[in-house]
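Architecture at a glance
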Amino acid sequence: MIYYVLKYVLLGPLLRLLLRPRVEGLEHVPTQGAAIVAGNHLSFADPLLMAAVLKRRITFLAKAEYFTAPGLRGRLTALILRRTGQISVDRSGRAAGQAALSEGQAVLAQGELLAIYPEGTRSPDGRLYKGKVGVAVMALAGRVPVIPCAMVGTYQIWDRARVRPRHPPVTIRFGEPLDFSRFAGTAHQETVLRAVTDEITYAILRLSGQEYVDLYAADVKAAQAPGRRRS
């Protein structure tokens, strides 16, 4: 219930009014049946905008820190995430994230939409970073299509140097479904998982027009963290 209140009454209308996003390729998102929507991640607003423009309900994989953040804002965020059925992802390692993958597969098994950000975290500089193979694991295990999605302009909405957000032109592009049925039965092969992930990442890149960086965004953020010694 709270998901639809936010989508149709509170956040959804507000975001559409303030940002007036242009939506392209919405016809590529199936009207029924399971599918993964895989997108770039530039801003905190990305999942809110995606949910606002899609005609169907979609479930997101969200980092575990959002579910445990302190303070009033943190508790409110965690409450909303839980009440809207979003999935907590422990990013400390592949084994730790297996529970989230299992929950995501359960969503797909129910014929629903699941949103994944292959980069695993927000881009630190607006460029597109190397994807993690979890998206490939879920696509192959669930035997579902992957819909690439690109957010354009959301990186400029807010930066740390500004108190108030900007209202830049925002475009949300959905690409044609990617079919990986040719890889059936090979979900355990690392080379296949990497190939599928790279194909998804390239599809996002074509839609977004971003510069690509063949590094994991999380590693780049860690290297830039204050106090880290440089060799």
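Residues numbered from 1 in each chain as written. Predicted model: local features only at pLDDT ≥ 70, side-chain atom pairs only at ≥ 80, totals over all residues. Heavy atoms only, no water.

**Details of the overall build of the protein**
When you go through the protein residue by residue, the secondary structure sums to nine helices and nine strands. The C-alpha radius of gyration computed for the protein amounts to 17 Å, which stays within 12% of the reference 17 Å derived for 231 residues, consistent with globular compactness. Once the C-alpha set of the protein is aligned to its principal axes, its extents read approximately 50 × 50 × 35 Å. Across the 231 residues of the protein, 45% fall into the buried class. Counted over contacts in the protein with a minimum sequence separation of 6, partners at least 24 positions apart contribute 77%. Taken as a whole, the protein presents about 12,800 Å² of accessible surface, with 56% of it coming from carbon and sulfur. (Helix = DSSP H or I, 4+ residues; strand = E, 2+ residues; numbered from the N terminus. Rg over C-alpha atoms; globule rule 2.2 N^0.38 Å. Buried < 20%, exposed > 50% of the residue type's maximum accessible area, 1.4 Å probe, protein only. Contact = heavy atoms within 4.5 Å. Areas by Shrake-Rupley, 256 points an atom, 1.4 Å probe, with all protein chains shown as cover.)

**Some points on the environment of Met138**
As for its position among the elements, Met138 is in helix α7 (residues 134-142). As a C-alpha pair, Met138 and Ala225 span 87 residues in sequence and 31 Å in three-dimensional space. Residue contacts for Met138: discarding those within four places in its chain leaves Ile36, Leu61, Leu101, Gly104, Gln105, Leu108, Leu114, Ile116, Arg143 and Val144.

**As for the environment of Leu178**
With respect to the helices and strands, the residue Leu178 is situated in the loop between β8 (171-174) and α8 (190-208). Counting along the chain gives 72 residues from Leu178 to Ala106, while the straight-line C-alpha distance between them is 20 Å. Those residues within four positions of Leu178 in sequence are excluded, and the remaining contacts are Pro145, Val146, Pro148, Glu199, Ile200 and Ala203.

**Let's talk about the environment of Ala45**
Along the chain, the position of Ala45 falls in the loop between β2 (35-39) and α3 (46-53). Through-space distance from the C-alpha of Ala45 to that of Ser181 is 32 Å; in sequence the pair is 136 residues apart.

**Re the side chain of Ser123**
Considering the arrangement of structural elements, one finds Ser123 in the loop between β5 (113-116) and β6 (128-129). If we skip the residues at most four places from it in the chain, Ser123 touches His41, Leu42, Tyr129 and Tyr155.

**Remarks on the packing of helix α6 (residues 98-109) against α7**
Relative orientation of the contacting elements α6 and α7 amounts to 40°, with a least axis distance of 10 Å. Between α6 and α7, the angle falls in the class oblique. Classified by chirality, the crossing of α7 by α6 is right-handed. For the pair formed by α6 and α7, the contact residues are Leu101, Gly104, Gln105 and Leu108 on the first element and Gly134, Val137, Met138 and Ala141 on the second. Of the residues assigned to the contact of α6 with α7, the class counts are five nonpolar, three polar and no charged. (Axes fitted to C-alpha atoms, helices over the stretch in contact; angles between N-to-C directions. Parallel < 35°, antiparallel > 145°, perpendicular 65-115°, else oblique. Left-handed = near helix turned anticlockwise from the far one by under 90°. Nonpolar A, V, L, I, M, F, W, Y, C, P; charged D, E, K, R; others polar.)

**Points about the pattern of salt bridges**
This structure, assessed with the given rule, holds six salt bridges. Between Glu24 and Arg22 there is a salt bridge; the shortest N-O distance is 3.1 Å. In this structure Arg22 comes out as exposed when scored by relative accessible area, which is 55%. (Salt bridge = Lys/Arg side-chain N within 4 Å of Asp/Glu carboxyl O.)

**What to know about the packing of aromatic side chains**
Overall, the coordinates contain four aromatic pairs when judged by the stated rule. Relative to Tyr8, the ring of Tyr4 lies with its centre 6.3 Å away and its plane at 5°, an arrangement referred to as stacked. A residue pair is termed a helical-turn pair when its members lie 3 or 4 positions apart in one helix, as Tyr4 and Tyr8 do in helix α1 (residues 2-8) at four residues. An aromatic cluster is present here, built from Tyr3, Tyr4 and Tyr8 joined pairwise through their rings. Between the NZ or CZ atom of Arg57 and the centre of the ring of Tyr3, over which it lies, the distance is 4.3 Å. The ring of Tyr216 is capped by Lys132, whose NZ or CZ atom sits 6.0 Å from the centre of that ring. (Phe/Tyr/Trp six-rings, centres within 6.5 Å; stacked < 30°, edge-to-face > 60°. Lys NZ or Arg CZ within 6 Å of the ring centre and 35° of its normal.)

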